[in-house]
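# What the coordinates show
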Amino acid sequence: MNEKITYTEEKSSPVNKYGSCFLSVGWVSGKYPKRLYKALMNSQTVITAWAEERLVGLVRVIDDSEMVAYMHYVLVNPEFQDRGIAGTMVELVKEKYKDYLYIEIMPEESKNAAFYEKHGFTTMTDGVAMQICNYNNQV
């Protein structure tokens, strides 16, 4: 698999392309393609990675326009992992938000912390990740 990967901040991809990308990594968000699409369209930044017409990676950033940028999704289709795609997208986010006081990420799995550390992130002192998960209540 040596397709050229291109990156863009264009957010106008068809709904099904986003959903299938999320499902490729087993994320429940992909089961709600219309909601996922709406969420992405209302995010400040969505950087996508493409192998020709195929969406193979995505990072979403929510920011307050001045101080904090929160990198929420960073995902790459397993068929395209280990090619530097996630790292490139993270570096694009770091460049775009370099004037913000904070760029934050909450890895959903502790095994991913080393990846973010490699890109300059550090564990927050005494930080604890928390969430309320409502997707089991959704139709």
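Our subject is the structure that appears above.
The notes below deal with the structure included here. All values reported here derive from a predicted model rather than from experimental measurement.

Further remarks concern the layout of surface pockets. The calculated volume of the largest pocket comes to roughly 710 Å³. As for the largest pocket, its lining consists of 25 residues, and the residues nearest its centre are Val74, Gln81, Ala86, Asn112 and Phe115. Of all the secondary-structure elements, those providing two or more residues to the lining of the largest pocket are strand S4 (68-76), helix H3 (85-96) and helix H4 (113-118). Broken down by element, the residue count for the lining of the largest pocket peaks at five residues, all from S4. Class assignment for the residues of the lining of the largest pocket results in 14 nonpolar, six polar and five charged.

A few words on the packing of aromatic side chains. Each aromatic ring pair is characterised by the separation of its centres together with the angle its planes make. Inspection of every chain in the model, using the stated rule, returns seven aromatic pairs. On the numbers, 4.8 Å between centres and 80 degrees between planes, the contact of Phe22 with Tyr73 is edge-to-face. Separated by 51 residues along the polypeptide, Phe22 in helix H1 (residues 15-24) and Tyr73 in strand S4 bring together distant segments of the chain. Since its relative accessible area comes to 9%, Tyr73 is described here as buried.

Moving on, we get to H3. Helix length check: H3 (twelve residues) gives 17 Å between terminal C-alpha atoms against 16 Å at 1.5 Å per residue, within 8%. Of the surrounding secondary structure, the elements contacted by the buried residues of H3 are strand S1 (5-8), strand S2 (45-51), strand S3 (54-63), S4, strand S5 (102-105) and H4.

Here Asn42 lies in the loop between helix H2 (33-41) and S2. Spatially, the C-alpha atoms of Asn42 and Ala69 are 14 Å apart, while their sequence positions differ by 27 residues.

Turning to the nonpolar core, a few remarks are in order. If you look at the biggest cluster of nonpolar residues, it comprises 22 residues, and the most contacted ones within it are Met71, Val74 and Ile85. When contributions to this core are tallied by element, the ones reaching two or more residues are S2, S3, S4 and H3. In this structure, Met71 is in contact with Val59, Arg60, Val61, Val90, Val93, Glu104, Ile105, Met106 and Phe121, ignoring residues within four places of it in sequence. Residues Tyr18, Leu36, Val46 and Leu55 belong to the second largest nonpolar core, which totals eleven residues.

Turning to the sheet that holds S1, a few remarks are in order. Sheet architecture is open: five strands sit in the order S1-S2-S3-S4-S5, paired in mixed fashion. Every other strand in the sheet has two partners, leaving S1 and S5 as the edge strands with one partner each. The average angle at which neighbouring strand axes cross in this sheet is 20 degrees, direction not considered. Pairing of S4 with S5, which is carried by four bridges, proceeds in the parallel orientation.

With that out of the way, let us pick up a nonpolar patch on the surface. Residues Met67, Leu101 and Tyr102 make up a contiguous nonpolar surface patch of roughly 330 Å² in combined accessible area. Mapped onto the secondary structure, Met67 falls in the loop between S3 and S4. Of the residues examined, Met67 reaches a relative accessible area of 42% and is grouped as partly exposed.

Think of it this way: side chains of opposite charge can pair up when their charged atoms draw near. The final tally for this structure, using the stated rule, is five salt bridges. Between Arg54 and Glu79 there is a salt bridge, with the nearest N and O atoms lying 3.1 Å from each other. Placement of the pair is Arg54 in strand S3 and Glu79 in the loop between S4 and H3, with a sequence separation of 25 residues. Look at Glu79 and you get partly exposed, because its relative accessible area is 44%. Salt-bridge contacts for Lys98 lead to Glu95; the nearest nitrogen and oxygen are separated by 2.8 Å. What makes Glu95 partly exposed here is its relative accessible area of 47%.

Conventions we followed
Residues numbered from 1 in each chain as written. Predicted model: local features only at pLDDT ≥ 70, side-chain atom pairs only at ≥ 80, totals over all residues. Heavy atoms only, no water. 1 Å grid on protein atoms, 1.4 Å probe; cavity = no way out; pocket = protein on both sides within 12 Å on 5 of 7 lines; lining within 4 Å. Points joined across faces, edges and corners; volume = space filled by probe spheres on them. Helix = DSSP H or I, 4+ residues; strand = E, 2+ residues; numbered from the N terminus. Nonpolar A, V, L, I, M, F, W, Y, C, P; charged D, E, K, R; others polar. Phe/Tyr/Trp six-rings, centres within 6.5 Å; stacked < 30°, edge-to-face > 60°. Buried < 20%, exposed > 50% of the residue type's maximum accessible area, 1.4 Å probe, protein only. Expected span 1.5 Å × (residues − 1). Contact = heavy atoms within 4.5 Å. Core = buried A, V, L, I, M, F, W, Y, C linked by side-chain atoms within 4.5 Å. Pairing = 2+ DSSP bridges. Axes fitted to C-alpha atoms, helices over the stretch in contact; angles between N-to-C directions. Patch = residues over 30% accessible without salt bridge, like charges linked within 9 Å, V, L, I, M, F, W, Y side chains within 5 Å. Areas by Shrake-Rupley, 256 points an atom, 1.4 Å probe, with all protein chains shown as cover. Salt bridge = Lys/Arg side-chain N within 4 Å of Asp/Glu carboxyl O.

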